[in-house]
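So you can see what is in the structure, the chains are spelled out below.
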Amino acid sequence: MAANHDEYDGLAMLMSMGFDREQSIQALNASAGNLETAIGSLLSCGGGGGNGGIGSGSGGRTSAASSDDGVRGNNNENTRAMTTRAVHCSVSQYNNDTGINGRSACTAIALTMACKLLAKLNDARRAATTTTTTTTTTTTTTAPTNVEDCIDSEFLSVSIQEGIYLHHRSLVHDSGVEHASVEELLCAFSSSSSNIGDNSSNVFSSLRQFDYSPRQGLLSNASFDDNPMGLESTLSQCQLDAMDKQSYIAVVITKPPETVLVLIPPASSHSSSSSSHPYVLLDSHPRPQQLSPHYPTGSYALHHSSLRDLVTSLQQIFPVVELGSDVPEMMAMMYNSFDAYPFQCIME
């Protein structure tokens, strides 16, 4: 008799990637519950949006948004976000060159991406800042930083492999906890509490967490005005709460068992070109049956022209779970809750 795969941690993960329940159970049965093998078999069967299975290495591709009218999985024209650019990488947390199991490393990967990206953007901003002094005034001007120059397939590959290593090295991992929280990882790698004993002990020190972080949110199908705790409202508030009004904000979004990273431009950039100040979703999970027309079979970064378009992509990854009227309201809220951790790197 087949095992009850509701008990497998991998079932929820496969379904969150867009595979239906029957496909997921069949793949887990065939692989004796091994998640990596199940993912490989599903992708090799053509579930990856026509791009083939996940390969090894950091091979990637970059594409503009497509006008493809086809429908795959649960996507349709009404839920498709407008992306101005997509960066693909064959490396994911399930398929990497570290030799380490990275299936639960998404939070460490998201923090690693946040740290590296914010540092890159600040370095570019610092280099582009010029100061002009006259006899009476001093004027400082900053040239816009092009985010597209900071994110490519190599960045995704390196960040994922570094994040997997950090997850493996963390005290949380060593204690047997599989899915580490943001708080646990920040504590594990703080210089004051870490006994890891290598150069990674203070790796996240440049990240500055906002006050009142994390912001707790609630997924719903309500509009922006009707859900002050929804994705759009929460991310909009993070943008307004920025400590440095000229810098990007990196928001780590966790909805167990998954974590993704979003990059939000400063509110002051609203009048600038959306292509130079995009809203970016970075994800170490493959989504071969989601996010039309891209259907990423490895890690990816999607650039969006607006916050609302970014939220549309996030809603495909984190759909509202409808549990029925017989389920207590508090339990339904728990299933649809998420946490948003906003960070910046402050220029000195």
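First, a word on scope: everything that follows refers to the structure included in this document. These numbers were taken from a predicted model, which means no experiment stands behind them.

Cut-offs applied
- Residues numbered from 1 in each chain as written.
- Predicted model: local features only at pLDDT ≥ 70, side-chain atom pairs only at ≥ 80, totals over all residues.
- Heavy atoms only, no water.
- Axes fitted to C-alpha atoms, helices over the stretch in contact; angles between N-to-C directions.
- Helix = DSSP H or I, 4+ residues; strand = E, 2+ residues; numbered from the N terminus.
- Parallel < 35°, antiparallel > 145°, perpendicular 65-115°, else oblique.
- Left-handed = near helix turned anticlockwise from the far one by under 90°.
- Contact = heavy atoms within 4.5 Å.
- Nonpolar A, V, L, I, M, F, W, Y, C, P; charged D, E, K, R; others polar.
- Polar contact = N/O pair within 3.5 Å; in protein donor to acceptor, adjacent residues only side chain to side chain.
- Phe/Tyr/Trp six-rings, centres within 6.5 Å; stacked < 30°, edge-to-face > 60°.
- Buried < 20%, exposed > 50% of the residue type's maximum accessible area, 1.4 Å probe, protein only.
- Core = buried A, V, L, I, M, F, W, Y, C linked by side-chain atoms within 4.5 Å.
- Patch = residues over 30% accessible without salt bridge, like charges linked within 9 Å, V, L, I, M, F, W, Y side chains within 5 Å.
- Areas by Shrake-Rupley, 256 points an atom, 1.4 Å probe, with all protein chains shown as cover.
- Salt bridge = Lys/Arg side-chain N within 4 Å of Asp/Glu carboxyl O.

Concerning the packing of helix 8 (residues 231-240) against helix 9 (residues 307-317)
Then step 1. Packing of helix 8 against helix 9 brings their axes to within 10 Å, and their N-to-C directions diverge by 130 degrees. Viewed along their axes, helix 8 and helix 9 adopt a mutual orientation that is oblique. Pair helix 8 / helix 9 crosses with right-handed handedness. Where helix 8 approaches helix 9, its residues L231, E232, L235 and S236 are matched on the opposing element by L307, R308, L310, V311, L314 and Q315.
Then step 2. The residue inventory of the contact of helix 8 with helix 9, partitioned by class, reads six nonpolar, two polar and two charged.

Here's the deal with the side chain of E258
Then step 1. Looking at the element boundaries, E258 is found in strand 8 (residues 258-264).
Then step 2. Looking at E258, its side chain comes within polar contact range of the side chain of R287, at 3.0 Å.

Examining the packing of aromatic side chains
Then step 1. Tallying each qualifying case throughout the model produces one aromatic pair.
Then step 2. Look at F189 and F204: their rings are 5.8 Å apart centre to centre, the planes differ by 85 degrees, and that puts the pair in the edge-to-face class. Linking F189 in the loop between helix 7 (182-188) and strand 5 (208-209) with F204 in the loop between helix 7 and strand 5, this pair joins segments that are 15 residues apart in sequence.
Then step 3. Owing to a relative accessible area of 1%, F189 belongs among the buried residues under this scheme.

Quick look at unusual backbone geometry
Then step 1. Put simply, P256 and P257 share a cis peptide bond, and its omega is 10 degrees.
Then step 2. With respect to the helices, strands and loops of the structure, P257 is situated in the loop between strand 7 (249-255) and strand 8.
Then step 3. Even without a glycine there, the phi angle at Y212 is positive, about 60 degrees.
Then step 4. For Y212, the location among the structural elements is in the loop between strand 5 and strand 6 (215-218).
Then step 5. Even without a glycine there, the phi angle at L291 is positive, about 60 degrees.
Then step 6. In this fold, L291 is placed in the loop between strand 9 (279-283) and strand 10 (299-304).
Then step 7. L291 sits in the buried class, given a relative accessible area of 2%.

Focus on the nonpolar core
Then step 1. Ranked by internal contacts, the top residues of the largest apolar core, which has 40 residues, are I151, L207, L263 and L282.
Then step 2. The set of elements that each furnish at least two residues to this core consists of strand 2 (83-89), helix 4 (106-128), helix 5 (153-169), helix 7, strand 7, strand 8, strand 9 and strand 11 (337-344).
Then step 3. Apart from residues lying up to four places away in sequence, L207 is in contact with L111, A114, C115, L118, F343, Q344 and C345.
Then step 4. Listed in part, the 26 residues of the second largest apolar core include L219, A242, I253 and V260.

Observations concerning a nonpolar patch on the surface
Then step 1. A surface patch of nonpolar side chains, amounting to about 260 Å² of accessible area, comprises V321, M331 and Y335.
Then step 2. Looking at where Y335 falls in the secondary structure, it is placed in helix 10 (residues 329-335).

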